[in-house]
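Results of the structural survey
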Amino acid sequence: MIDDDVRVSRATSEELPRCATTMAEAFHDNAEFRWIIPDEDTRSSLLPVFFGSSLRHAAAAGTVLVVRRPPSAAGERSEAEIRGAAAWCPPGRWRPAWWRDLSNAPRMFFAAAPPQLRRFARRGSQVDRAMRDVHPETPHWYLAGVGVSSDARGTGVGSALIRAGLDRADAQGLPVYLECVRELIPYYERFGFEEIARIDVGDGCPDQVGMWREPVG
Ligand SMILES: CC(C)(COP(=O)(O)OP(=O)(O)OC[C@H]1O[C@@H](n2cnc3c(N)ncnc32)[C@H](O)[C@@H]1OP(=O)(O)O)[C@@H](O)C(=O)NCCC(=O)NCCS
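Attention in this report is confined to the structure presented alongside it. Note that this is a predicted model, so its numbers are computed, not measured. (Residues numbered from 1 in each chain as written. Predicted model: local features only at pLDDT ≥ 70, side-chain atom pairs only at ≥ 80, totals over all residues.)

A word on the overall build of the chain. Check the secondary structure of the chain and you find 8 helices and 7 strands. A compact globule built from 217 residues should have a C-alpha radius of gyration of about 17 Å, and the chain, at 17 Å, falls within 12% of that. Based on the C-alpha atoms only, the size of the chain along its principal axes is roughly 45 × 45 × 30 Å. Counting only residues that meet the buried cut, the chain has 35% of its 217 residues in that class. A sequence separation of at least 24 residues applies to 75% of the contacts in the chain between residues at least 6 apart. (Helix = DSSP H or I, 4+ residues; strand = E, 2+ residues; numbered from the N terminus. Rg over C-alpha atoms; globule rule 2.2 N^0.38 Å. Buried ≥ 20, exposed ≤ 12 C-beta atoms within 10 Å, placed from the backbone. Contact = placed C-beta atoms within 7 Å.)

The next subject is the sheet that holds strand β1 (residues 8–10). Spatially, 7 strands are ordered β1-β2-β3-β4-β5-β7-β6 in an open sheet, and the strand pairing comes out mixed. Among the strands making up the open sheet, the edge pair consists of β1 and β6 (194–199). For this sheet the average axis-to-axis angle between neighbouring strands, irrespective of direction, equals 30°. Strand contacts of helix α3 (residues 40–61): β2 (63–68), β3 (82–89) and β4 (141–148), with the helix running at about 60° to β3, the strand carrying the most contacts. (Pairing = 2+ DSSP bridges. Axes fitted to C-alpha atoms, helices over the stretch in contact; angles between N-to-C directions.)

Glancing now at the nonpolar core. Generally speaking, soluble globular proteins have nonpolar side chains that are buried together. Core analysis: the largest hydrophobic core is formed by 54 residues, its most contacted members being Cys19, Val64, Ala85, Ala86 and Leu143. At 7 residues, the largest contribution of residues to this core is made by α3. Those residues in contact with Leu143, other than ones at most four positions away along the chain, are Ala86, Trp88, Ile162, Gly165, Val176 and Leu178. (Core = buried A, V, L, I, M, F, W, Y, C linked by C-beta atoms within 7 Å.)

What follows concerns the packing of helix α1 (residues 16–26) against α3. In contact at an axis separation of 8 Å, α1 and α3 are set at 125° when each is read in the N-to-C sense. Between α1 and α3, the crossing angle belongs to the class labelled oblique. Crossing of α1 over α3 shows right-handed handedness. Along its contact with α1, which presents Leu16, Pro17, Cys19, Ala20, Thr21, Met23 and Ala24, the element α3 presents Leu47, Pro48, Phe51, Gly52, Leu55, Arg56 and Ala59. Residue classes in the contact of α1 with α3 are distributed as 11 nonpolar, 2 polar and 1 charged. (Parallel < 35°, antiparallel > 145°, perpendicular 65-115°, else oblique. Left-handed = near helix turned anticlockwise from the far one by under 90°. Nonpolar A, V, L, I, M, F, W, Y, C, P; charged D, E, K, R; others polar.)

Attention shifts here to the site of the ligand. Lining the immediate environment of the ligand, one finds 19 residues, of which Ala26, Val148, Arg153, Gly158 and Ser159 sit closest. With 4 residues, the top contributor of residues to the shell around the ligand is β4. Its residues assigned to classes, the shell around the ligand comprises 9 nonpolar, 8 polar and 2 charged. (Near = placed C-beta within 6 Å.)

The values are spatial; any link to function lies outside them.
Shown next as structure tokens:
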């Protein structure tokens, strides 16, 4: 059921940690992250740090879009709940390089034990390399990630966050690229994306694909 009250805004810098929490929850059961961080508890503690870093990069380089819970539903809460967030990076600024982001290192050390951190860094780098190998050179907007909290799924939040970025790319005459797990291909095809690359990490990591959308209009 599509919720009429889905409004997309740009996230404020104060909201980025809450956006990271929403993204971490959304991606907790994602097949690729299950491979990178197999242990559930470690995944719960590392993903908010990981998304905190990627969202700071996206906010600095491009835009983090959010859908907040409408004030009526938030009741007395002083901080609006984040129902969903999307990280959009502009042409030429797609690379977050999060495992080389040394400013993030102290947070990482508090979030997981050394053996888990080593595996996270090793597998993360494998994924990074495989993604980089097939990342298109043609200038484009990059949808680095979109995540919707489990209790807000199916209400149009994800579509609104994607559509807002696509509208801007269309207005600028630019294509859009993203990576996703195979299961989401039909979801992104609805927006006009086509599969253009297979991201083969190997070593038991689930396959991902690169998807491309030419500007419309
Ligand atoms: C994928 C995701 C962003 C979709 O957001 P959402 O707000 O639930 O989606 P919307 O409400 O805009 O769209 C819902 C529609 O998409 C369809 N849909 C959802 N997931 C789908 C999938 N994996 N394959 C095909 N269709 C899918 C729903 O069936 C629904 O169809 P309907 O409109 O015909 O009823 C959300 O499920 C999510 O956060 N998933 C976990 C994180 C993730 O995998 N993100 C994407 C990778 S970058």
